[in-house]
Amino acid sequence: MEDLIAFAIKAVQTRSYSDEEENMAYLLVNEMNKLRYDEAYIDSTGNVVGRIGNGKTIIHFDGHMDTVEVNDGDLWDYPPFSGQIVDGYLWGRGSVDMKSALCAAIYGAAKARDLGYLNDKTVYVTGTVCEEYCDGVNLKLLYEELGVKPDYCIICEPSGNVITLGHKGKAQIRITTHGISAHGSAPEKGKNAVYEMAEIIQRVEKLNQTLYEDGSHGTIVLSDISCISASLNAVPSSCSIYLDRRLAMGETLHQVENEMNELIKEKDASWEVGVLIHQSWKGKELYYEPMHDPWMIEKDHPLTQALIRSYETVYASPVDQFDFWDFGTNAITPVSLGVPTIGFGPGEYKLAHMLNEHCSIDQIMKASDIYCQLIKEI
């Protein structure tokens, strides 16, 4: 456990913003080699792939290497890349989201091998790239390159060591209104695309209020706005907004399509999926189409039951709660392939991306033991 925590400290000290994960990748590979993984390498996308065992049942633990940026470092109680241990917590960017869990999984798999839990099993632990922008694309490319479809997948995102059964869906949409450019001194000769957008924005706010009327609800937020104008002396000819729509269980992408059509109704406007294109640190194009349904695994599923038994073995107490993430994860890829998938990881996820991000050392150690025990129980 001392080695695990020392590794987690090094991970936090290794800055790895999205698309800049190279140093973190080599740190993980070196640690996997130190722990005598059967394979440890970096794939063509830049993901780290670690394998232990060569059995029929394939168990996959995934954690992303990238973090959001730090733009408020001078406000932190402890420097964001110091990896300091204070009052039983590991402090720093990525300590919660999600380097602690990734380190715990790497050590948990090695411990399972040492305890003889890998009979007829293959365990993959992966450190994936650019999840903060293109969740799921990394695993899609990784599975294709490996030629592997796991039997089980554990997404190690922070859950406060609470078994997490699924997460909301996501649709990211760009709406564009179309105007006619004119000189600013004669606006009546043009058509202002920003004015055309104004009522749509009000409709977006009203839609979010409507969604909130349900107990278990989705959300929609305007996250970006821009316009195109010939100059500061001209009527804007185009205006665009970017919408982030989160889907609760029971909501569908078809429903979102209908909502978008209603938002632009009787307006000179159009909408499209807000595709994002990134380039990994290895130069691979990541094409992300953010349209995903919500998902949830059943409490009586064999994977859930195995994780319950693992939790109760390590904590010596019964499972009395489950969670459901509000945010999206790499789970969208294994779920889309029909792979039984569940979430579990150390750290309070409400601290992710925040000032003074910090993760409980006790949770990190227990998560590693639970990952180890889960390999036995599956």
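Anyway, here's the lowdown on the structure attached to this text. (Residues numbered from 1 in each chain as written. Predicted model: local features only at pLDDT ≥ 70, side-chain atom pairs only at ≥ 80, totals over all residues. Heavy atoms only, no water.)

Concerning the overall build of the protein chain
- From N to C terminus, the protein chain includes 10 helices and 19 strands.
- Taken over C-alpha atoms, the radius of gyration comes to 23 Å for the protein chain, in line with the 21 Å a tight globule of 378 residues would show.
- Based on the C-alpha atoms only, the size of the protein chain along its principal axes is roughly 80 × 45 × 40 Å.
- Per-residue burial over the protein chain gives 56% buried out of 378 residues.
- Considering only residue pairs separated by 6 or more positions, the protein chain has 78% of its internal contacts joining residues 24 or more positions apart.
- Roughly 16200 Å² of accessible area belongs to the protein chain as shown, and the carbon and sulfur atoms make up 48% of that amount. (Helix = DSSP H or I, 4+ residues; strand = E, 2+ residues; numbered from the N terminus. Rg over C-alpha atoms; globule rule 2.2 N^0.38 Å. Buried < 20%, exposed > 50% of the residue type's maximum accessible area, 1.4 Å probe, protein only. Contact = heavy atoms within 4.5 Å. Areas by Shrake-Rupley, 256 points an atom, 1.4 Å probe, with all protein chains shown as cover.)

Comments concerning helix H2 (residues 22-34)
- Its 13 residues place the ends of H2 19 Å apart at the C-alpha level, agreeing with the 18 Å of an ideal helix rising 1.5 Å per residue.
- In this structure, the buried residues of H2 make contact with helix H1 (2-13), strand S1 (39-42), strand S2 (48-52), helix H3 (95-114) and strand S6 (121-128).
- Of the residues one or two after H2, arginine 36 is the one with positive phi, at around 65°. (Expected span 1.5 Å × (residues − 1).)

Describing the environment of arginine 93
- Assignment of secondary structure puts arginine 93 in the loop between strand S5 (89-91) and H3.
- Spatially, the C-alpha atom of arginine 93 lies 31 Å from that of leucine 303, the residues being 210 residues apart in sequence.
- Once residues within four sequence positions are removed from consideration, arginine 93 is found in contact with Val12, Thr67, Val68, Glu69, Val70, Trp76, Pro80, Phe81, His353, Met354 and Glu357.
- Here the side chain of arginine 93 touches valine 68 through a polar contact of 3.4 Å, landing on its backbone oxygen. (Polar contact = N/O pair within 3.5 Å; in protein donor to acceptor, adjacent residues only side chain to side chain.)

Things to note about the nonpolar core
- One finds Tyr37, Phe61, Ile106, Val125, Ile163, Tyr371 and Ile375 to be the most contacted residues of the largest nonpolar core, which totals 70 residues.
- Looking at which element gives the most residues to this core, the answer is H3, with 12 residues.
- Once you skip the residues sitting within four places of it in the chain, tyrosine 371 turns out to touch Phe61, Ala101, Ala104, Ala105, Ile154, Cys156, Phe344, Gly345 and Pro346.
- Counting residues in hydrophobic clusters, the runner-up holds 21 residues, among them Ile173, Cys239, Ile264 and Ala269. (Core = buried A, V, L, I, M, F, W, Y, C linked by side-chain atoms within 4.5 Å.)

Thoughts on the packing of H1 against H2
- Contact geometry of H1 with H2 gives a least axis separation of 10 Å together with a crossing angle of 165°. As summarised for this structure, H1 and H2 are arranged roughly antiparallel, according to the angle between their axes. Relative to H2, H1 is oriented so that their crossing is right-handed. Listed contacts from H2 to Phe7, Lys10 and Ala11 of H1 are Met24, Leu27, Leu28 and Glu31.
- A per-class count over the contact of H1 with H2 returns 5 nonpolar, no polar and 2 charged. (Axes fitted to C-alpha atoms, helices over the stretch in contact; angles between N-to-C directions. Parallel < 35°, antiparallel > 145°, perpendicular 65-115°, else oblique. Left-handed = near helix turned anticlockwise from the far one by under 90°. Nonpolar A, V, L, I, M, F, W, Y, C, P; charged D, E, K, R; others polar.)

A look at empty space enclosed by the protein
- Following the criterion strictly, the structure yields 1 cavity of 30 Å³ or more and no others.
- Put simply, the largest cavity is a space of about 30 Å³.
- For the largest cavity, the full set of lining residues is Asp135, His167, Lys168, Gly169, Lys170, His292, Asp293, Gly328 and Ile332.
- In terms of residue class, the lining of the largest cavity is made up of 1 nonpolar, 4 polar and 4 charged. (1 Å grid on protein atoms, 1.4 Å probe; cavity = no way out; pocket = protein on both sides within 12 Å on 5 of 7 lines; lining within 4 Å. Points joined across faces, edges and corners; volume = space filled by probe spheres on them.)

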